[in-house]
Amino acid sequence: MNTAREQILKRIRDASGSLPASRESESEGLVREYRTIRTLNLDARLDLLVDRLHDYGAMVYRCAEPGLNQAVASVIAGRAKSALLIPPDLPKTWLPEGFRFRSDRELTYSEMDASEGVLTGCALAIAVTGTIVLRHSSGEGRRTLTLIPDYHLCIVRANQVVETVPEGIREMARFKGVPLTTISGPSATSDIEMTRVQGVHGPRILDVILVE
Amino acid sequence: MSVRVGEAARAPDFPRAAQHLLGNTQLRHNVRQATNVIRRKRASVVEELPDWQALREAGRQIKQHTLRHLDFYLEQFELACTRAGGHVHWARDADEANQIVISLIQARHAAEVIKVKTMTSDEIGLNAALEAAGITPYETDLADLIVQLGEDRPSHIVVPALHRNKLEIRQIFMEKMGLSDLGDRPEDLTNAARRYLREKFLRVSVAISGANLAVADTGSVCIVESEGNGRMCVSLPEMLITLIGIEKMIPTFQDLEVFLQLLPRSATGERMNPYNSIWTGVTPDDGPREFHVILLDNGRTSVLSQQESRDTLNCIRCGACLNACPVYRQTGGHAYGSVYAGPIGAILTPQLQSMEHSQSLPYASSLCGACYEVCPVKINIPEILIDLRGEVVERGDAPFSERAVMKAAAFALEKPGRFSAAQALARVAQVPFERDGVIRHLPGQLGGWTAVRDLTAVPKRSFRQWWRERTRGNLA
Amino acid sequence: MLVSLFITCYNDTLFPNTGKAVVRVLERLGHAVEFREAQTCCGQMHYNTGYRREAIPLMHHFLDVFQDAEIICIPSSSCVAMIRDHYLKMAAASGDSAVQDQVEKLLPRVFEFSELLVDKFHVTDVGAFFPHTVTLHPSCHSLRSLQVGDKPVQLLRGVRGLTLIDLPEAAECCGFGGTFAIKNAEVSAAMLSEKTRCILDTGAEICTALDNSCLMHIGGALSRQLAGVRCLHLAEILASSEKGEVL
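Values in this document were obtained by computation on a predicted structure and should not be read as measured data.

Here is what the cut-offs are and how they apply
- Residues numbered from 1 in each chain as written.
- Chains lettered and ligands numbered in written order.
- Predicted model: local features only at pLDDT ≥ 70, side-chain atom pairs only at ≥ 80, totals over all residues.
- Heavy atoms only, no water.
- Pairing = 2+ DSSP bridges.
- Helix = DSSP H or I, 4+ residues; strand = E, 2+ residues; numbered from the N terminus.
- Polar contact = N/O pair within 3.5 Å; in protein donor to acceptor, adjacent residues only side chain to side chain.
- Contact = heavy atoms within 4.5 Å.
- Buried < 20%, exposed > 50% of the residue type's maximum accessible area, 1.4 Å probe, protein only.
- Axes fitted to C-alpha atoms, helices over the stretch in contact; angles between N-to-C directions.
- Parallel < 35°, antiparallel > 145°, perpendicular 65-115°, else oblique.
- Left-handed = near helix turned anticlockwise from the far one by under 90°.
- Nonpolar A, V, L, I, M, F, W, Y, C, P; charged D, E, K, R; others polar.
- Buried area = accessible area lost by both parts, 1.4 Å probe.
- Salt bridge = Lys/Arg side-chain N within 4 Å of Asp/Glu carboxyl O.
- Right-handed = clockwise from strand over helix to strand, strands pointing away.

Caption draft 1: Quick look at the sheet that holds strand β13 (residues 455–456) of chain B. Residues and elements named next belong to chain B. Across the sheet, three strands lie side by side as β11-β12-β13; this open sheet has antiparallel pairing. Here the strands that pair on one side only, and so sit at the sheet edges, are β11 (434–435) and β13. Pairing geometry for β11 and strand β12 (residues 438–439), over two bridges, is antiparallel. Within β12, the residue paired with R435 across the bridge is V438.

Caption draft 2: Up close: the side chain of Q351(B). Residues and elements named next belong to chain B. Relative to the assigned elements, Q351 resides in helix α16 (residues 342–353). Here the side chain of Q351 touches T312 through a polar contact of 2.9 Å, side chain to side chain. Ignoring anything within four residues of it in the chain, the contact list for Q351 reads V303, S309, T312, I384 and L388.

Caption draft 3: Quick look at the environment of I86(A). Residues and elements named next belong to chain A. With respect to the helices and strands, I86 occurs in strand β2 (residues 83–86). By relative accessible area, I86 is classed as buried at 2%. Along the sequence, I86 and L119 sit 33 residues apart, while their C-alpha atoms lie 5.3 Å from each other. Apart from the residues within four sequence positions on either side, I86 is in contact with L95, F101, R102, S103, D104, L119 and L145.

Caption draft 4: Representation of the packing of helix α3 (residues 52–68) of chain B against helix α12 (residues 256–267) of chain B. Residues and elements named next belong to chain B. It is at 10 Å that the axes of α3 and α12 come closest, and there the two elements cross at 115°. Taken together, the axes of α3 and α12 are roughly perpendicular relative to one another. By crossing handedness, the relation of α3 to α12 is classed as left-handed. Contact residues: α3 offers W52, L55, R56, A58, G59, I62 and K63, while α12 offers V258, F259, Q261, L262, R265 and S266. Classifying every residue of the contact of α3 with α12 by side-chain character gives seven nonpolar, three polar and three charged.

Caption draft 5: Summary view of the sheet that holds strand β4 (residues 206–209) of chain B. Residues and elements named next belong to chain B. Within the open sheet, the six strands sit side by side as β1-β10-β7-β4-β2-β3. Their pairing is parallel. Each end of this open sheet is capped by a strand with a single partner; those strands are β1 (87–91) and β3 (136–139). For this sheet, the mean angle separating the axes of adjacent strands, direction not counted, is 25°. In this sheet, strand β10 (residues 290–296) lies alongside strand β7 (residues 239–245) in parallel orientation, the contact comprising seven bridges. By the bridge assignment, I244 is partnered in β10 with L295.

Caption draft 6: How the structure looks around the interface of chain A and chain B. Of the residues lining the interface, 78 residues belong to chain A; the matching set on chain B comes to 93 residues. The contact between chain A and chain B buries some 7100 Å² in all, and 57% of this surface belongs to carbon and sulfur atoms. At the junction of chain A with chain B, the criterion picks out eleven salt bridges. Residue D297(B) pairs with R11(A) through a salt bridge whose shortest N-O separation is 3.7 Å. The interface formed by chain A and chain B holds 31 residue pairs in polar contact (both at pLDDT 80 or more) in total. Broken down by secondary-structure element, the contributors of at least two residues to the side of chain A that touches chain B are α1 (4–16), α2 (23–29), α3 (42–55), α5 (109–114), α6 (165–173), β9 (180–183) and β10 (188–189) of chain A. The dominant element in the side of chain A that touches chain B, judged by the number of residues it contributes, is α1(A), at ten residues. Counted by class, the side of chain A that touches chain B contains 31 nonpolar, 28 polar and 19 charged residues. Note that β9(A) and strand β9 (residues 275–280) of chain B share four bridges and pair antiparallel. In the strand pairing of β9(B), T182(A) is matched with N276(B).

Caption draft 7: Looking closely at the arrangement of the chains. Across the two pairs of chains that are in contact, the largest number of contacts falls between chains A and B. Separated in space, chain A and chain C share no contact, their closest pair of C-alpha atoms being 19 Å apart.

Caption draft 8: Highlighting the interface of chain C and chain B. Contact with chain C, which involves 62 residues of that partner, is made by 67 residues of chain B. Between chain C and chain B, roughly 5900 Å² of surface is buried when both sides are summed, and carbon and sulfur atoms account for 57% of that area. Joining chain C to chain B, the criterion identifies 17 salt bridges. Among the salt bridges present, the one from E394(B) reaches R52(C), with a minimum N-O distance of 3.1 Å. In this assembly, chain C and chain B are joined by 38 residue pairs in polar contact (both at pLDDT 80 or more).

Caption draft 9: Representation of the pairing of strand β8 (residues 230–233) of chain C. Residues and elements named next belong to chain C. Of the strand pairs in this sheet, strand β7 (residues 206–209) and β8 are connected by four bridges, and their pairing is parallel. The residue bridging A209 from the neighbouring strand is H233, located in β8. Since β7 and β8 lie parallel, the crossover through helix α12 (residues 212–224) that links them has a hand, and here it is right-handed.

Don't take any of this as a statement about function, it's just geometry.
Pasting the structure below:
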């Protein structure tokens, strides 16, 4: 049966004129001389990440592991908020007293829209580009949870921070098949006279707590 | 099969379109400002990477390799995506793709769709087809929203509303969003767009997107964006339809490490753009329950069959060539009469459409090479332009007067005796036009030169005449 | 060394002084110059405009004329780019291995004028004297195809009395592009107006370049505007002597 699929594949085979048998050896022979490994030690890496996050206008707070709870409390209070949404798998030990945290069990989009914000961890962070990677759904929850609310507080642990994009992709490749979102600063547009305006859709305010 | 690239088949030829646009000082000013900004940003983030050239070379090689084995990678993608709960459709041309989209939407009895920026949908004329079928498409990229509400056409691959200033945009928003008052700062306009679109994001059940990259081994799709409307469209609705040109394929997930470095730095001059969404098929309890991919040919297999110019398909739609191009800088994108403008548009449009249309596009270049210099996947655009010019001429489509002149010139240049005679002839022919060594006016097509420039008159003695006399000892 | 001069068809006809300047500079440096009178054209105009078939006999003729020349000097970077970037491809397309062979043997012996002086003869001071303010327009072929880098600047800095002023937005194309200036005359003019604005902003009296094609285009606009700035090929500056005379 001469379906669209068959016709297109045939046109491709007629056009490309290459041997299927050569594909794997060709693939292995591709020249990749770009950087793939890290050159910075942990401290330099963390400083670079913070620097890049600042470039994007994200607020970054640093704390040690035992102080995480307190850091979360002071950041939320600093934003004059009292209640945040959280993904179901968020470690409960992160949550300080005195605030309400509502786990996402089939929240409606309207409820997300009406919330004060969301608190999550992350899957990894990439220092060179100031990127935070979210893994859905276990981990950082479903995608809409970190998209609809206007405020996102994200916890990044030092041992989750890699330096380069290739390292980051290698980590991401391990999460087979689950949706991934990379975040490098709040959403922005330069569509109006090339003036960069932050906060189009997606959370307009991003706070990061870096835990060492 | 009927390949369509937007309205390119009916567009006026480039010189005429350009002439008209050159008079628009607002446009020229906007384009110059915008390209200056993006050029500076791009240069800055590229300089930061000591391995930029290695990344470009890897990008080129990966793309060329994928195109050589495109059948394998498309089938691999189809299998992986289907296993993950997605549906893969194949469309030979624009009409077929539009038909598939419409059928899928009608099967849900939906009458509205939200769209993420995708030039592929402009290429196939999707919006017009949807509207004809009684389905209303809402563009959600701010620039595409501006273009749609302004009933206009995009003028740049990455910044489609480049030709509009904020006051024009304010006017459009107030009118089309029914706002009685609106500030004119970019922040005010952006907020208005946010409110207007949020209502749609939370309500509309079908979304249409394109894809920047499709990963063959995992069956994953990647969207690269800044505003968050992409994230909205691919995760909120119940059904997602993604249009993917077959050339968007890359072999492995790991290959993202190359393209996610090349694309943001080239497109917007950022180390990384704000949001990338990567998903595979369908995920229970997270995002659309139904996911459809439409793999689109629409002339790409024709380009694939041309060994000389196949590299055209390496393109990752970054727009860096537009920003670098001194011709685009003067005219903006509309002059190219196609959704694909600038240097890449000049080679892609005529090849997709076949050379009956868009013949003037390969000549819309001074062959300066700035595009090749910045292309992250090393497409040798000047080389391909010359190739396409060769095709125009060999098909017999060059203007008769030009062919006559070029043939006469070739005849004269083949032998030294003829050449000297032609030089002597030029010295005589110029007499009515020459004064004090300068020609100020020429008739016919050559008048294009003298309209704005003087022309050096042919000196009385050519170099070879001087040399001959010198050799004979007449000069020291 | 014996240097064989390929003057180029348009220099021969319109800018013979550039050729005379090249001869003067090379002889001043102690080299012998020959001019093979059978030469005509490299075929660039035809090839770049899409008349590939018509360019082939021109290539063959070039190869025949210069096949045993030791060094070929060409005061035009666009013609050198034509030979370097396209002759191999044209020869391959003809399927004639003898021609391909000829091209391969020829390529290492072809030099643009500034390349010849700096790379081959290792000279940046050619004994020139030119007491004027000068700005350099780096033509696209010299910049991107030949990648001459700062060779022209080195040569200009070696000229006594010369004040070199940097050109803003130097790497931007002047808008000539061969037949582009005719086929897309308005866009060419728009690009030219930006280039002339930058040149006039430098306050220099003279605009120089490695290509008379660009200079003809730029100079034509400056002349029409009566701007008080003129164009001069780099070779003619280098040929200038103690008396400050130009040919």
